[in-house]
Amino acid sequence: MNRLNKLNLTVLALAISLISTAQQKPNAIALIPEPVSLTEQNGVFVLPQNVTISVPAKADLGHTYALLKERIANTGATVQEQKENAGATISLVLNKSRDSRLGDEGYTLSVAPGKVTVKANKPAGLFYGVQTFLQLLPAQIESVERVDGVQLQAPAVEIVDYPKVGWRGLMLDVSRHFFTVDEVKRYIDNMSRFKYNMFHFHLTDDEGWRLQIKSLPRLTEVGAWRVNKVGLFNTFTPPTPDEPKNYGGYYTHEDIKELVQYAKDRFINIVPEIDVPGHSLAAIASYPELSCTEGADKYQVRSGEPIMDWSHGAPPIAMMDNTLCPANEKVYGFMDKVITEVAQLFPFPYIHVGGDEAPHNFWEKSAQVKALMKREKLTTIPQVQAYFEKRLEKIVNAKGKKLMGWDEILEGGISPTAALMSWRGEQHGIEASKSKHYVVMSPTQFTYIDYMQGDISTEVPIYASLRLSQAYKFNPVPEGANAEYILGGQANLWTENVSNIRQAEYMTWPRGLAIAESVWSPLDKKDWKKFAAKTERFFDRFNAAEIKYSPAIYDPIVTVSKKEGEYSVTLTPEIDGLDIYTSFDNSAPDRFYPKYSRPLQIPKDANELRIITYKGKKEIGRQMTIKVADLKKRVK
Ligand code: ACM
């Protein structure tokens, strides 16, 4: 290599390092989800002290204007609404002739010195454009406290943006733990920042029936309440008859109407789920005649004691029969009443009826089920479930709705009009899409945000992990699928071990950012390193908004191997730029301790490893403390 080439390379290396520093600088653009097209322009928009916002006349903009006004007013500026006035500081414009690039949810956003313009075909696009504009302003715009007098700027840009898929969802399980109307609103509002448009409301399960059904009052008088247990779910002792059932709650019809409107104002649909025929212990505790098992009248709403044996794989062997009896006519009368009210309450065209994890062992023994099989010429238990689903679909359709279920509903054959949520991996969804069933992809390996996101030493111990980097690999339209039948994707938050809203937020963010980008942004706009840097910037915004999130990206991945009797511990950072320090002497390491550079040998009599991470001089990770005995158990 001659000197000139060497010099060129040095200049190039310097330029690259400057570019990558530029990506980190605090006022660099960080948008989640990444827009389809963004062109930086010269100059900045400075938010003035008197802001005028023009809105289209006669359009239902939902919460769009109120959101802008509230955020801007929080900086001490005055905000005034104008109807269709070209001179406004911020103009929200509905296109008179449709911009074919944008569809119903896309928008264009122009930020120029002195002027911001959002244009869209439909109000949803204006809402998303406003969310993007807010993300261009610094984190103070998110502040829960007033920030009077701060002068906020946004870089000048031209953005064209629209979603990859039409179903961009998060599921919240409100059965295992109950969340109040205000908490559910907060969850929905947080989703709306990242252009999610589906809130899947998991309303019923073994641990609680959370929806008022006026024609079946015991569902909420009995089914909404359980004995409160604190600790690790699935390890609790069974409730005794004298323990008070004072944990729970439910949503009245008025509550649901309020939530549906609140979500609609944020361009979010609520997808109700009534999980049957399995996961139905709360319903059976309320109406034991829905079971085909003797002794069901003694059943209580589950409070976290083990009721399923998973040691043999799926389907589980049930220790209690938590299923509605598919051979009992009363069950169909019951479902008719439930679906009637669900259909009235929720405008969304689909009703999700669960269908997952229904155990076989009680049905196999039931004389009623055997008689049904004989009469209907059913030869397998999945066919029995398929019989149930088909009758249920008739009920759902009769109320003017379409049926959706978890992927188990495929097993005994489903009707052509039923839609599927693929959770046990992607394959069920791929197959279903090829046979022209509509599918929402929600595979455990990318979207199960009830799993641990960091090392077990810092997390509530769950049987599986889902790191942010893994969630970011989610593609709702996987290879092999018939894309025409993929509605979209969603992440699911099951709440056995999520007992309050702060923990629900911790589990959701930042993985909810990874899923949001995966369902909105085109594949060629996804870039893990850039996303990780943006995520760190969003931590500042979450702090300002007082939204809890997990800092697990700062905790290294710990793997242990054993060779010739020697254990070796490898620490792999999930993101760039971390320094790792460790100790085996039971003291708390800081940056004056040995810096990790190669796999660690465990000293002979050491009893614990402690780990901490830094960015430069800033302690940034959480101290991880792992017993040596536990490390040794991690050898694969
Ligand atoms: C599920 O996770 N059982 C749908």
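No experiment lies behind these values; they were computed from the predicted model shown. (Residues numbered from 1 in each chain as written. Predicted model: local features only at pLDDT ≥ 70, side-chain atom pairs only at ≥ 80, totals over all residues. Heavy atoms only, no water.)

### Looking at the overall build of the protein
Okay, so step 1: When its secondary structure is counted, the protein shows 18 helices and 28 strands.
Okay, so step 2: The principal-axis extents of the C-alpha atoms in the protein amount to approximately 85 × 75 × 50 Å.
Okay, so step 3: Residues counted as buried form 57% of the 636 residues belonging to the protein.
Okay, so step 4: At a minimum sequence separation of 6, the contacts of the protein that also span at least 24 residues come to 71%.
Okay, so step 5: When the accessible area of the protein is evaluated, it comes to approximately 26900 Å², of which 53% is carbon and sulfur surface.
Okay, so step 6: The centroid of the 76 positive side-chain charges in the protein is displaced by 4 Å from the centroid of its 75 negative side-chain charges. (Helix = DSSP H or I, 4+ residues; strand = E, 2+ residues; numbered from the N terminus. Buried < 20%, exposed > 50% of the residue type's maximum accessible area, 1.4 Å probe, protein only. Contact = heavy atoms within 4.5 Å. Areas by Shrake-Rupley, 256 points an atom, 1.4 Å probe, with all protein chains shown as cover. Lys, Arg positive; Asp, Glu negative; His and termini not counted. Charge placed at Lys NZ, Arg CZ, Asp CG, Glu CD.)

### Thoughts on the nonpolar core
Okay, so step 1: By size, the foremost hydrophobic cluster in this structure holds 137 residues, and its most contacted members are Phe201, Tyr251 and Phe334.
Okay, so step 2: Among the nonpolar cores identified, the runner-up in size contains 37 residues, and Ala77, Tyr128, Ile141 and Trp520 belong to it. (Core = buried A, V, L, I, M, F, W, Y, C linked by side-chain atoms within 4.5 Å.)

### Notes on unusual backbone geometry
Okay, so step 1: Here the bond from Ile32 into Pro33 is cis, since omega is 0 degrees, no more than 30 degrees from zero.
Okay, so step 2: Checked against the element boundaries, Pro33 lands in the loop between helix H1 (3-24) and strand S1 (37-46).
Okay, so step 3: In this model, Ala314 is joined to Pro315 through a cis peptide bond whose omega is -10 degrees.
Okay, so step 4: With respect to the secondary-structure elements, Pro315 resides in the loop between strand S15 (308-309) and strand S16 (317-318).
Okay, so step 5: Positive phi outside glycine occurs at Lys195, with the angle close to 70 degrees.
Okay, so step 6: Mapped onto the elements of the fold, Lys195 is located in the loop between helix H4 (181-192) and strand S9 (198-202).

### Digging into helix H3 (residues 123-136)
Okay, so step 1: When the terminal C-alpha atoms of H3 are compared, their 20 Å separation across 14 residues agrees well with the 20 Å that a helix rising 1.5 Å per residue should span.
Okay, so step 2: Within H3, 14 of the 14 residues are buried, which leaves the element mostly enclosed by the surrounding structure. (Expected span 1.5 Å × (residues − 1).)

### Some points on the packing of aromatic side chains
Okay, so step 1: On inspection of all chains with the given rule, the structure shows 33 aromatic pairs.
Okay, so step 2: Considering the side-chain rings of Trp528 and Phe531, the 6.1 Å spacing of their centres and the 40 degrees angle between planes classify their relative orientation as tilted. Linking Trp528 with Phe531, this pair stays in helix H17 (residues 528-545), spanning three residues, or about one helical turn.
Okay, so step 3: Given a relative accessible area of 22%, Trp528 falls into the partly exposed group.
Okay, so step 4: For the pair Phe539 and Tyr554, a centre-to-centre distance of 6.1 Å together with 70 degrees between the ring planes defines the contact as edge-to-face. Highlighted residues: Phe539 in helix H17 and Tyr554 in the loop between H17 and strand S22 (557-563), separated in sequence by 15 residues. Judged on exposure class, the residue Phe539 and its partner Tyr554 are both buried.
Okay, so step 5: The lysine or arginine in question, Lys526, covers the ring of Tyr472, its NZ or CZ lying 4.6 Å from the ring centre. (Phe/Tyr/Trp six-rings, centres within 6.5 Å; stacked < 30°, edge-to-face > 60°. Lys NZ or Arg CZ within 6 Å of the ring centre and 35° of its normal.)

### Notes on the side chain of Lys526
Okay, so step 1: Counting through the fold element by element, Lys526 comes out in the loop between helix H16 (511-520) and H17.
Okay, so step 2: Buried Lys526, no salt bridge; nearest opposite-charge side chain is Glu517, N-O distance 6.8 Å.
Okay, so step 3: Within the structure, Lys526 has its side chain in polar contact with the backbone oxygen of Phe474 (distance 3.1 Å).
Okay, so step 4: Beyond its immediate sequence surroundings of up to four residues, Lys526 is in contact with Tyr472, Lys473, Phe474, Glu517 and Ser518. (Salt bridge = Lys/Arg side-chain N within 4 Å of Asp/Glu carboxyl O. Polar contact = N/O pair within 3.5 Å; in protein donor to acceptor, adjacent residues only side chain to side chain.)

### Quick notes on the pairing of strand S8 (residues 167-173)
Okay, so step 1: S8 sits mainly inside the fold: seven of its seven residues count as buried.
Okay, so step 2: A two-sided burial pattern is seen for S8, the buried positions comprising Trp167, Gly169, Met171 and Asp173 on one face and Arg168, Leu170 and Leu172 on the other.
Okay, so step 3: Across six bridges, the pairing between S8 and strand S21 (residues 486-493) is parallel. When the sheet's bridge partners are listed, Met171 is paired in S21 with Asn492.
Okay, so step 4: Of the pairings in the sheet, the one linking S8 to S9 comprises five bridges and is parallel in character. For Met171, the partnering residue across the bridge sits in S9 and is His200. (Pairing = 2+ DSSP bridges.)

### Comments concerning the sheet that holds strand S19 (residues 419-422)
Okay, so step 1: Pairing within the closed barrel is parallel, and its eight strands lie in the order S8-S9-S14-S17-S18-S19-S20-S21. Mean inter-strand twist for the sheet, computed between neighbouring axes without regard to direction, equals 30 degrees.
Okay, so step 2: Pairing of strand S20 (residues 439-441) with S21, which is carried by three bridges, proceeds in the parallel orientation. By the bridge assignment, Val439 is partnered in S21 with Ile486.
Okay, so step 3: Sheet contacts for helix H11 (residues 381-398): strand S14 (269-276), strand S17 (350-354) and strand S18 (402-406); angle to S18, the most-contacted strand, approximately 145 degrees. (Axes fitted to C-alpha atoms, helices over the stretch in contact; angles between N-to-C directions.)

### Quick word on the packing of helix H10 (residues 367-376) against H11
Each pair of packed helices gets described by two things: the angle between the helix axes and the distance between those axes.
Okay, so step 1: Following both chains from N to C, one finds H10 and H11 inclined at 80 degrees, their axes separated by 11 Å at the closest point. Classified by the angle between their axes, H10 and H11 sit roughly perpendicular to one another. Side by side, H10 and H11 meet where Val369, Leu372, Met373, Arg375 and Glu376 of the first sit next to Ile381, Val384 and Tyr387 of the second. (Parallel < 35°, antiparallel > 145°, perpendicular 65-115°, else oblique.)

### Details of the pairing of strand S23 (residues 566-572)
Okay, so step 1: For S22 and S23, the ladder comprises seven bridges, and the chain directions are antiparallel. By the bridge assignment for S23, Lys563 is matched with Glu566.
Okay, so step 2: Bridging between S23 and strand S25 (residues 600-601) involves two bridges; their strand directions are antiparallel. The residue of S25 that forms the bridge with Val569 is Leu600.

### A few points about helix H2 (residues 64-73)
Okay, so step 1: Among the residues of H2, Thr64, Tyr65, Leu67, Leu68, Arg71 and Ile72 are the ones counted as buried. Summarising the axial view, the buried residues of H2 lie within an arc of 160 degrees, below the 170-degree limit, and thus occupy one face.
Okay, so step 2: On its buried face, H2 sits against strand S2 (50-55), strand S3 (78-83), strand S4 (90-94) and H3. (Arc of directions from axis to C-beta.)

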